[in-house]
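# Examination of the molecular architecture
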Amino acid sequence: MHNADRHEEVISGRRKAWAWGLSGNLPYLLLQSPYRFEGVIDGQSSGRNALSNVAGLPVYGADKLKDLNPADTLIVVFADLKLHGSAIFDQARRYGPFDLVAPHIPALHDVPAALQARTQRLGEMLIEKRHDTRYTAVPKRVALWLHGLVKGGAERQMVLLACGLRELGWDVDLICTAKDSSQTTLWADELRDAGVNRMYLPDMRASWDWLESESGVPEQVPTLAPYFTTRGLHDILQTVDILLERRPELVISFLDDGNIAAGVASVLAGVPNILMSGRNAEPHHFTDLQYFPVAKSQLKSCYQALLSLDGVALVNNSQAGAESYSQWLGLPDEAIEAIPNAVQAPTGQMVSSIREQYGIAAGVPLVLGVMRLADEKQPLRFVDMITRLKTKLPELQAILLGDGPLYEDVRQAIDSSALQSSLIMAGAQESSLPYLAEADLLLSTSRMEGMPNVILEAQLMACPVVATNVGGVAEALMSEMKVGLVSKDDWMTMEKVALNLLLQKSGAKDIAKKARAAIIVSRSVQELARRYIDAGLGRKNI
């Protein structure tokens, strides 16, 4: 019998459900369940009598199973099955041949027809809520929403946007679901120095009292609970609570997972202006991206429901990205504005000792790669290109910054080549600027890009660039630097252009210095902030 059939037996009344485990997400799973539970089994305790009460249900020790008939009982394991599944199954089976299953999450496990029907109900609820005018916004207060401050392009732009908004006199809250990565200490310092108010959503277990209070759960939860994943539901409800307390006049979110969670929460809270910013292409281009507040198949419908509302808009950081989302969502080309990324010059005089650190003498050609080691960045092509250049310039050295799922593949490719002493894998670094300051060339081999931060930063540091002409790369380059653009997959031309720039370092550096002067003016953090404010407040026809 499949798990779906076992859940159906509870729904039809042929079995009774018992939850196993006092997991942090227990109250949310109860909210999402299509049926009621009789109680909760705490496998860490013994005894048949109720030990306590949680979320309105009695909690018993494992010995309670002695009173239950396995034939008409279904045990739904709320505890982490990956960590504790084997031990839980062994413990429960000592009391009888009980059936144990994972929770039924409607947003993930329902049939497509049911998901589509629920999407329609959600859309209707959002429309109804959008007409609620009781919300009073604090002027010039903006809430930025991001899952967490990790080393990534979108996260860097969120930091620059926050700093730019502060320079324009806005009160800025940055709401995150997770604590900062250890690799983003410098970014966190920038936010602190700019006066950005950092806010973190509480974890699920810390939300138990809030969920059980009379004022904790919004009235729309019966609609919300089955539509979203457990994590997504938590993020939405907790964000609503923060927004109702802080009352910003504008919410800005980045990336698809953040856009749906923050967008829905903002509508529920009543925030008048909501601006979402997408990835470098619509999400189905990224097969490894699976963790969203809704089933991936429902992202499109959820976006469309939000964008049908007054005061809700979507932007992208490149024209290519905007067109990708427009086509996916069935919107006119002009419906999504492209707002290019910003770049910020380091304060004070930068003292770099990268060459000394890695034993690379002055004058030795140094090529830099900065990328997430993932399929869309094609890091193995970077390794191949260094191999090619090395045959023409035997003294050439290269450094590759970044981490990701292809790290070991890249490591093995280097170890099996003749590059062990010439290509250094330096991992993820807090800042690429010291490396760009001493590199003779930045090489980008991506097959897909948005508005790549590293190409902006290379120009800021007057480092010549050779890059595949994909996504927003051409938009990121100042006119002086477009000599380094090559067609996607044209590796022969990339080798030729890179070699030419390395052999004519003086001329290439002069061109890069002109690009530096241009980019400082055109891609400032204040300009980024102005563009987002205009788009978010509807001051442009987007």
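A brief look at the structure comes next.

Each value, and the rule that gives it
- Residue numbers here run from 1 along each chain, matching the order of that chain's written sequence.
- The predicted origin of the model limits local features to residues at a pLDDT of at least 70 and limits the giving and counting of side-chain atom pairs to 80 or more, whereas totals for whole chains, interfaces and linings rest on all residues.
- With hydrogens and water set aside, each side-chain value is computed from the structure's full complement of heavy atoms.
- Every helix listed is a DSSP run of H or I at least four residues long, and every strand listed is a run of E at least two residues long, numbered separately from the N terminus.
- In this description the radius of gyration comes from C-alpha coordinates, and the expected globular size is given by 2.2 Å times residues to the power 0.38.
- Type-normalised accessible area, obtained with a 1.4 Å probe on protein chains alone, sets the label of each residue: buried when under 20%, exposed when over 50%, and partly exposed for intermediate values.
- Any two residues whose heavy atoms approach within 4.5 Å are treated as being in contact.
- In this description, accessible areas are obtained by the Shrake-Rupley approach with a 1.4 Å probe, and a residue is regarded as covered only by the protein chains that are shown.
- Residues scored as charged are limited to Lys and Arg (positive) and Asp and Glu (negative), so that His and the chain ends carry no count.
- We put the charge of a Lys on NZ, of an Arg on CZ, of an Asp on CG and of a Glu on CD.
- A 3.5 Å cut-off defines polar contacts: any pair of N or O atoms within that distance qualifies, except that in protein one atom must be a possible hydrogen donor and the other a possible acceptor, and neighbouring residues in sequence count only when both atoms are side-chain atoms.
- By definition here, a salt bridge exists when the distance from a side-chain nitrogen of Lys or Arg to a carboxyl oxygen of Asp or Glu is within 4 Å.
- By the convention used here, strands pair only if DSSP detects at least 2 bridges between them.
- Whether a crossover is right-handed depends on one test, that the path from the first strand over the helix to the second runs clockwise when the strands point away from the viewer.
- Every axis corresponds to a line fitted to the C-alpha atoms, with the helix fit spanning only the stretch in contact, and the corresponding angles, defined between N-to-C directions, vary from 0 to 180 degrees.

## Brief notes about the overall build of the chain
A count of helices and strands for the chain gives 22 helices and 19 strands. On C-alpha atoms alone, the chain measures out to a radius of gyration of 27 Å, which is about the 24 Å that the 2.2 N^0.38 rule sets for 542 residues. Across the 542 residues that make up the chain, the buried fraction comes to 56%. Put simply, of all contacts in the chain between residues at least 6 apart along the chain, 71% involve residues at least 24 apart. Counting only carbon and sulfur atoms, one obtains 50% of the accessible surface of the chain, whose full area is about 22900 Å². If you average the places of the 53 positive and of the 63 negative side-chain charges in the chain, the two averages end up 1 Å apart.

## Let's talk about the environment of glutamate 449
The topology assignment puts glutamate 449 in the loop between strand E17 (441-444) and helix H18 (453-460). Between the alpha carbons of glutamate 449 and glutamate 376 there is a distance of 7.9 Å; along the sequence they are 73 residues apart. The contact partners of glutamate 449, leaving out residues within four places of it in the chain, are Asn280, Lys377, Ser444, Val470, Gly471, Gly472 and Val473. Here the side chain of glutamate 449 touches lysine 377 through a polar contact of 2.9 Å, side chain to side chain. Within polar-contact distance, the side chain of glutamate 449 engages the side chain of serine 446 at 2.8 Å.

## Things to note about the pattern of salt bridges
Scanning the model with the defined rule gives 25 salt bridges in all. In this structure, aspartate 173 and arginine 246 form a salt bridge, with 2.7 Å as the shortest nitrogen-oxygen distance. Here the residue aspartate 173 occupies a position in strand E8 (residues 171-176), and arginine 246 occupies one in helix H10 (residues 230-246), the gap between them amounting to 73 residues. Residues aspartate 173 and arginine 246 agree in their burial class; the two are buried. The network of salt bridges with shared partners includes Arg6, Glu9, Arg15 and Asp99.

## Some remarks on the pairing of strand E1 (residues 16-20)
Where burial is concerned, most of E1 is hidden: four out of the five residues are buried. In the sheet, E1 pairs with strand E2 (residues 37-42) via three bridges, with the strands oriented parallel. By the bridge assignment, alanine 19 is partnered in E2 with valine 40. Taking the sense of rotation as the criterion, the β-α-β connection linking E1, helix H2 (residues 26-32) and E2 turns out right-handed.

## Some details on the sheet that holds strand E6 (residues 99-101)
Judged by pairing direction, the sheet is mixed, and its six strands sit side by side in the order E3-E4-E2-E1-E5-E6 without closing on themselves. Sheet topology places strand E3 (52-54) and E6 at the edges, where each strand pairs with a single neighbour. Neighbour-to-neighbour, the strand axes of this sheet turn through a mean angle of 35 degrees, independent of strand direction. Strand direction decides the pairing type here: strand E5 (residues 73-77) and E6, joined by three bridges, are parallel.

## Quick notes on the side chain of arginine 279
Summarising the element assignment, arginine 279 is placed in the loop between strand E11 (273-277) and helix H12 (299-307). Relative accessible area serves as the criterion here: at 18%, arginine 279 is assigned to the buried category. Polar contacts involving the side chain of arginine 279 include one to the side chain of aspartate 256, which spans 3.3 Å.

## Here's the deal with the sheet that holds strand E13 (residues 337-338)
Taking strand neighbours across the sheet as the criterion, the seven strands line up as E9-E8-E7-E10-E11-E12-E13 in an open arrangement whose pairing is parallel. Looking at which strands have only one partner, the edges of the open sheet turn out to be strand E9 (197-200) and E13. Sheet topology note: the E11/strand E12 (residues 312-316) ladder contains four bridges and is parallel. The residue bridging isoleucine 274 from the neighbouring strand is valine 312, located in E12.

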